[in-house]
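# What the coordinates show
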Amino acid sequence: MSEPDVSVVICVYTEDRWEDILAAVASVRTQSYPALETLLVVDHNPALLDRLTKEYKEYKDFQEVRVFANAGPRGLSAGRNTGIAASRGEVIAFLDDDAVAERDWLRHFAAAYADPRVMAVGGRTVPIWASGRRPAWFPEEFDWVVGCTYRGTPSGLIQVRNVLGGNASFRRGAFDAAGGFATGIGRDGDKRPLGCEETELCIRLSRARPDAVLLIDDRAVIHHRVPKAREHFGYFRTRAYAEGLSKALVARSVGADKGLESERRYATRVLPAGVVRGLRDAALARPGGAGRAGAIVAGVLTAAGGYVVGTVRARRGGTTFSVAEIQRELQGEIQADIQGERDG
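This part covers the nonpolar core. By size, the foremost hydrophobic cluster in this structure holds 35 residues, and its most contacted members are Val8, Ile10, Leu40, Leu52, Leu95, Trp105 and Leu106. Apart from residues no more than four positions distant in its own chain, Ile10 is found in contact with Ala24, Val25, Val28, Thr38, Leu39, Leu40, Val41, Leu95, Asp96 and Asp97. Core analysis: the second largest hydrophobic core is formed by 28 residues, Val9, Ala85, Ala178 and Leu201 among them.

Written as structure tokens, this is what we have:
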């Protein structure tokens, strides 16, 4: 099977991340396995849209950088759906706007798609702490709070229930089978809920295509910036609560058995081991041991509280989300615009 063309989608929303956005794009353009195209999707920010359009205006080659406005409602899910519709690669990869990919990131993704059953491949996300080092109290088991791979994630090339959206790729056929990312569940600036849209999509995909294989290859590495505001316990607690809210929506959509399948192992094996490790470090007078143990307990209780609240809201119909189909009409309009630019 020939190696697939890969489109890379980077969703952006704020000029505060200007330098990060440029770095993310640069990391894609220097891949050892070249991307077919890099698509920047701007989430309802006309100033940023204009600035990025000017920044990359010299790249008229279709294989270079293209800038689009989010064609759907505000939020990360609709931005990703816009990128999918505008892309032309057989595989669509997603990179966070505040992350940089290692040189062989796309090479590892592309290699996995030699198996036609593979519908999605994710990678490993490593935190870059703004303060220069991990806070002593911050448990590695909760690195998902800052969008990174957490302790307890299986290593190597392994089949999984879901990939994580900030460092992931999907075969185009996955969206044909299952639809796009659900709106109303994913990140919208700093509003809640803040995640799980990729989890919901992956479970939906597995139901639509029972033969689908979803993988994580921990050699596909990106480095994700963690700003100082997210190094504090207040953010940790808020994000854990939001995760509970989001997990309740996912469970409501796909059922608790699938929606919480991976979380049960995490809660019954990974987290208790983390608490024991923290208490042991505290007994040995190692820095942060007691704080890490306490943070794990607090994180579990806070997420559980969010899940209860989210479940009640979902049952009452107060919080809903919808699954988007990738609009072929939108794709046609975007491609026509691109062709017009090239002809002009």
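Next, the rest of the story.
Quick look at the packing of helix H7 (residues 233-254) against helix H10 (residues 289-316) now. Across the interface, H7 lies against H10 with an axial gap of 7 Å and an inter-helix angle of 40 degrees. Relative to H10, the element H7 is oriented oblique. Note that H7 runs across H10; the crossing there is right-handed. Of the residues that constitute the contact of H7 with H10, the class distribution is 14 nonpolar, seven polar and five charged.

In total, this model carries 16 aromatic pairs according to the counting rule given. Centre to centre, the rings of Phe94 and Phe181 are 5.6 Å apart; their planes meet at 90 degrees, and the pair counts as edge-to-face. Linking Phe94 in strand E4 (residues 91-95) with Phe181 in the loop between helix H5 (172-178) and strand E9 (182-183), this pair joins segments that are 87 residues apart in sequence. Accessibility expressed as a relative area gives 0% for Phe181, which makes it buried. For the ring pair Phe170 and Phe181, a centre distance of 6.0 Å and an interplane angle of 90 degrees mean the geometry is edge-to-face. Residue Phe170 is located in strand E8 (residues 167-171), and its partner Phe181 is located in the loop between H5 and E9; the two are separated by eleven residues in the primary sequence. The same class applies to Phe170 and to Phe181, which are both buried.

The rules we used
- Counting from 1, residues in each chain are numbered in the order their sequence is written.
- Under the rules for a predicted model, residues below a pLDDT of 70 receive no local features and side-chain atom pairs below 80 are neither given nor counted, while totals for whole chains, interfaces and linings still include all residues.
- Side-chain measures here rest on the full set of heavy atoms in the structure, leaving out hydrogens and waters.
- Residues belong to one nonpolar core when they are buried, are Ala, Val, Leu, Ile, Met, Phe, Trp, Tyr or Cys, and are joined through side-chain atoms within 4.5 Å.
- Burial here depends on accessible area, computed with a 1.4 Å probe over protein chains only, as a share of the maximum for the residue type. Under 20% is buried, over 50% is exposed, and the range in between is partly exposed.
- Contacts between residues were defined by any pair of non-hydrogen atoms, one from each residue, lying within 4.5 Å.
- Only the stretch in contact is used when a helix axis is fitted, and all axes are lines through C-alpha atoms; the angle between N-to-C directions ranges over 0 to 180 degrees.
- The helix and strand labels rest on DSSP assignments: H or I over at least four residues marks a helix, E over at least two residues marks a strand, and numbering proceeds from the N terminus.
- These descriptions rest on fixed angle ranges, namely under 35 degrees for roughly parallel, over 145 for roughly antiparallel, 65 to 115 for roughly perpendicular, and the rest for oblique.
- Each crossing gets its hand from how the near helix is turned against the far one by less than a right angle, where anticlockwise is left-handed and clockwise is right-handed.
- Any residue that is not Ala, Val, Leu, Ile, Met, Phe, Trp, Tyr, Cys, Pro, Asp, Glu, Lys or Arg is counted as polar, Gly included; the first ten are nonpolar and the last four charged.
- Aromatic pairing here means that ring centres of Phe, Tyr or Trp (its six-membered ring) are within 6.5 Å. Orientation follows from the plane angle: under 30 degrees is stacked, over 60 is edge-to-face, and everything else is tilted.

Interpretation in functional terms is not warranted from these geometric data alone.
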